[in-house]
Amino acid sequence: MDVLIKVFVGLHIIGIASLLGGFLTQMRAMGAGAARFVPAMLHGALTMLVTGVLLVGFREMDGGTINQVKIGVKLAVLFVILALVYVKRDEERVDKALFGAVGGLTIANIFIALLWH
């Protein structure tokens, strides 16, 4: 089970990298008011959702303890990110504040994972 958990943690990190990488590649366009949500951002967020839910299940099956409040907060933040990216995915330009909010929420979700014990 330990190897399976580590594989899915790796996939979860790939999802985070895809979401954050998509955001970072659009930073210059955001400054010019031409940022858009690229497909990598949506795919990364969906990967995070699927792998995160599976990781919680694996951890519970393995007898580990889960901080339900932390997971609930991370899930809520991810749902907001997913909703924003999904709804605005086909638009040529996304408002700077909205695009920045997705980047900020992504970074917040990373730090929630790392700092909340």
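For the structure given in this document, a descriptive report is provided here. Values in this document were obtained by computation on a predicted structure and should not be read as measured data.

**Section: the nonpolar core**
Consideration 1: The biggest cluster of nonpolar side chains holds 22 residues, and the ones touching the most others in it are Phe37, Met41, Ile81, Val85 and Phe99.
Consideration 2: Every element with two or more residues in this core is listed here: helix H1 (2-25), helix H3 (39-61), helix H4 (68-87) and helix H5 (96-115).
Consideration 3: Filtering out sequence-adjacent residues up to four positions away, methionine 41 remains in contact with Ser18, Leu19, Gly22, Phe23, Arg36, Val85, Phe99 and Val102.

**Here's the deal with a nonpolar patch on the surface**
Consideration 1: The grouping of Val3, Val7, Leu11 and Ile14 at the surface amounts to a nonpolar patch, some 360 Å² of accessible area in total.
Consideration 2: One can find isoleucine 14 in helix H1.
Consideration 3: Under the relative-accessibility criterion, isoleucine 14 is labelled exposed at 53%.

**Things to note about the packing of H1 against H3**
Consideration 1: It is the contact of H1 with H3, at a shortest axis distance of 8 Å, that shows an interaxial angle of 155°. Judged on the interaxial angle alone, H3 and H1 are roughly antiparallel. When you trace H1 past H3, the crossing you get is left-handed. Here Leu4, Ile5, Phe8, Val9, Leu11, His12, Gly15, Ile16, Ser18, Leu19, Gly22 and Phe23 of H1 lie close against H3, whose contacting residues are Ala40, Met41, Gly44, Ala45, Thr47, Met48, Thr51, Gly52, Leu54, Leu55, Phe58 and Arg59.
Consideration 2: Considered class by class, the residues forming the contact of H1 with H3 number 15 nonpolar, 8 polar and 1 charged.

**Here we look at H3**
Consideration 1: The first and last C-alpha atoms of H3 sit 33 Å apart over 23 residues, in line with the 33 Å expected at 1.5 Å per residue.
Consideration 2: Among the residues of H3, Met41, Leu42, Gly44, Ala45, Met48, Leu49, Thr51, Gly52, Leu55, Val56 and Phe58 are the ones counted as buried.
Consideration 3: Check the buried side of H3 and you find it contacts H1, H4 and H5.
Consideration 4: Looking one or two residues beyond H3, the residue adopting positive phi is glycine 63, at roughly 85°.

**Section: the packing of H4 against H5**
Consideration 1: Following both chains from N to C, one finds H4 and H5 inclined at 160°, their axes separated by 10 Å at the closest point. It follows that H4 is roughly antiparallel to H5 by the angle criterion. Helix-helix and strand crossings are classified by hand; for H4 and H5 the assignment is left-handed. Residues Lys70, Val73, Lys74, Val77, Leu78, Val80, Ile81, Leu84 and Val85 of H4 touch H5, and the partners they reach there are Leu98, Val102, Leu105, Thr106, Asn109, Ile112 and Ala113.
Consideration 2: Looking at the contact of H4 with H5 residue by residue, the class counts come to 12 nonpolar, 2 polar and 2 charged.

**Observations regarding the packing of aromatic side chains**
Consideration 1: Across all of its chains, the model carries 3 aromatic pairs by this definition.
Consideration 2: When the ring of phenylalanine 23 is compared with that of phenylalanine 99, the centres are 5.0 Å apart and the planes differ by 20°; the resulting orientation is stacked. Placement of the pair is phenylalanine 23 in helix H1 and phenylalanine 99 in helix H5, with a sequence separation of 76 residues. The same class applies to phenylalanine 23 as to phenylalanine 99, namely buried.

How each quantity is defined
- Residues numbered from 1 in each chain as written.
- Predicted model: local features only at pLDDT ≥ 70, side-chain atom pairs only at ≥ 80, totals over all residues.
- Heavy atoms only, no water.
- Core = buried A, V, L, I, M, F, W, Y, C linked by side-chain atoms within 4.5 Å.
- Buried < 20%, exposed > 50% of the residue type's maximum accessible area, 1.4 Å probe, protein only.
- Helix = DSSP H or I, 4+ residues; strand = E, 2+ residues; numbered from the N terminus.
- Contact = heavy atoms within 4.5 Å.
- Patch = residues over 30% accessible without salt bridge, like charges linked within 9 Å, V, L, I, M, F, W, Y side chains within 5 Å.
- Areas by Shrake-Rupley, 256 points an atom, 1.4 Å probe, with all protein chains shown as cover.
- Salt bridge = Lys/Arg side-chain N within 4 Å of Asp/Glu carboxyl O.
- Axes fitted to C-alpha atoms, helices over the stretch in contact; angles between N-to-C directions.
- Parallel < 35°, antiparallel > 145°, perpendicular 65-115°, else oblique.
- Left-handed = near helix turned anticlockwise from the far one by under 90°.
- Nonpolar A, V, L, I, M, F, W, Y, C, P; charged D, E, K, R; others polar.
- Expected span 1.5 Å × (residues − 1).
- Phe/Tyr/Trp six-rings, centres within 6.5 Å; stacked < 30°, edge-to-face > 60°.

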